[in-house]
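Coordinates in review
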Amino acid sequence: MALFNNTPAVASKSLRVLARLLGYPDAELRGHLGALSEALHEERALAPLRLAELDALIEALALAPALETEAAYVELFDRGRATSLHLFEHVHGDSRDRGPAMIDLAQTYEKAGMYLAEGEMPDFLPVVLEFTSTQPPREAREFLAEMAHIFNAIFAALQQRESAYASVLGALLELAGEKAQPVQIAAEEPVDAVWEEPVVFDGCSSKGQARPDQPQPIHIVPHVRKARPTQGVQA
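A brief report on the enclosed structure follows. The model shown is predicted, which means the values in this text are computed figures rather than measured ones. What you see as residue numbers is a count from 1 along each chain, following the sequence as written. For a predicted model such as this one, the threshold for reporting local features is a pLDDT of at least 70, and the threshold for listing and counting side-chain atom pairs is 80 or more; totals across whole chains, interfaces and linings nevertheless cover every residue. Side-chain numbers come from the whole structure's heavy atoms, not from hydrogens or water.

**Quick word on the packing of helix H1 (residues 12–21) against helix H8 (residues 125–132)**
As a reminder of what qualifies: Convention adopted: a line fitted to C-alpha atoms gives each axis, helices being fitted over their contacting stretch, and angles between N-to-C directions are expressed from 0 to 180 degrees. Numbering of helices and strands runs from the N terminus; a helix is a DSSP stretch of H or I covering at least four residues, while a strand is a stretch of E covering at least two. For classification purposes, angles smaller than 35 degrees are called roughly parallel, those larger than 145 roughly antiparallel, those between 65 and 115 roughly perpendicular, and all remaining angles oblique. We call a crossing left-handed when the near helix sits turned anticlockwise from the far one by less than a right angle, and right-handed when that turn is clockwise. Note on contacts: a residue pair qualifies if any of its non-hydrogen atoms lie within 4.5 Å across the two residues. Classes in brief: Ala, Val, Leu, Ile, Met, Phe, Trp, Tyr, Cys and Pro nonpolar; Asp, Glu, Lys and Arg charged; the others, Gly included, polar.
Contact geometry for H1 and H8: axes closest at 8 Å, N-to-C directions at 165°. As summarised for this structure, H1 and H8 are arranged roughly antiparallel, according to the angle between their axes. Our pair here, H1 against H8, has a crossing hand that is left-handed. Two secondary-structure elements touch here, H1 through Leu15, Arg16, Leu18 and Ala19 and H8 through Pro126, Leu129, Glu130 and Thr132. Of the residues assigned to the contact of H1 with H8, the class counts are five nonpolar, one polar and two charged.

Encoded structure:
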């Protein structure tokens, strides 16, 4: 955890802007991009270079065709674990610890008076940032610093993909009082391979059904008709 004796207070307005920028780029978000940029510059919680990077992201979101922007967002954040915005994906993966961690985090929100909308996941980064923006400056910075290693991993993965969204994670690291560090990103399996279901029984022998990509032999068995028992003839 970083020491914060000589660091500026975490800016709640900037955190909310960063949360919005990490949301799905629908028409509502695109309609507020100008206001989001103004809010960042008014608060001046981030270094000028970081603000310039965020301006570039905002401009790219504003100028690109809507369908292209939305498709790129889904491809980037929903089709791979390294860039997932669900933080517990990076901590617990698919383990059983993920469920209890979700419950604990949701209860933390509720104790602070924040309740999730239907369908919202407590570990989704925009939700986490919305909560953090409501906390006192020192607590907010400490909370961000606890997650800095996750931010750094996502930051590195986004940089590897040459995505402008890396500027948002860089801004979060800056607000946490941390610096981005080089991270080795493991190669990911294609998403179709990750979700592919195993072949039942791993295929069958040549006497039955073969694998799905092999010819399926058909065996014709002659039907033997059984003779019916002879019934007696009544007089």
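**What to know about the nonpolar core**
Proteins that are soluble and globular tend to have nonpolar side chains buried together. The cut-off we apply is this: As used here, the term nonpolar core means buried Ala, Val, Leu, Ile, Met, Phe, Trp, Tyr and Cys residues forming a set that is joined through side-chain atoms within 4.5 Å. For each residue, the accessible area found with a 1.4 Å probe, counting protein chains only, is set against the maximum for its type, and the residue is called buried under 20%, exposed over 50%, and partly exposed in between.
With 51 residues, the main nonpolar core has Leu21, Leu22, Leu125, Leu129, Tyr165 and Leu169 as its most contacted residues. With seven residues, helix H11 (residues 166–175) is the single largest residue contributor to this core. Setting aside its immediate chain neighbours within four residues, Leu125 contacts Leu22, Leu85, Leu87, Phe151, Leu169 and Leu172.

**Details of the packing of aromatic side chains**
Heads up, the rule is: What counts as a ring pair is set by centres within 6.5 Å for rings of Phe, Tyr and Trp (its six-membered ring), and what kind of pair is set by the plane angle: stacked under 30 degrees, edge-to-face over 60, tilted for all other angles.
Summed over all chains, the structure comprises six aromatic pairs. Plain terms: the ring middles of Tyr109 and Phe131 are 4.9 Å apart, the flat faces sit at 45° to each other, and that makes the pair tilted. Highlighted residues: Tyr109 in helix H7 (residues 98–111) and Phe131 in helix H8, separated in sequence by 22 residues. Across the pair, exposure class does not vary: Tyr109 and Phe131 are buried alike. Among the aromatic residues, those joined into a cluster by ring pairs are Tyr24, Tyr73, Phe77 and Tyr165.

**Description of the packing of helix H3 (residues 33–43) against helix H4 (residues 48–63)**
Remark: H3 packs on H4, axes separated minimally by 10 Å, with the N-to-C direction vectors making an angle of 175°. Our classification of the angle between H3 and H4 gives roughly antiparallel. Contact with H3, carried on its side by Leu33, Ser37, Leu40 and His41, involves Leu51, Leu54, Asp55, Ile58, Leu61 and Ala62 of H4 and no other residues of that element. Partitioned by chemical class, the residues of the contact of H3 with H4 number seven nonpolar, two polar and one charged.

**Some points on the pattern of salt bridges**
Applied cut-off: The term salt bridge refers to a side-chain nitrogen of Lys or Arg lying within 4 Å of a carboxyl oxygen of Asp or Glu.
Scanning the entire structure with this criterion turns up seven salt bridges. Linking Glu174 and Arg50 is a salt bridge whose minimum nitrogen-to-oxygen distance equals 3.4 Å. Residue Glu174 is located in helix H11, and its partner Arg50 is located in helix H4; the two are separated by 124 residues in the primary sequence. Note that Arg79 is salt-bridged to Glu75, the shortest N-O span being 3.2 Å. Looking at Arg79, the relative accessible area reads 38%, which means it is partly exposed. Salt bridges sharing common partners tie together Arg50, Glu53 and Glu174.

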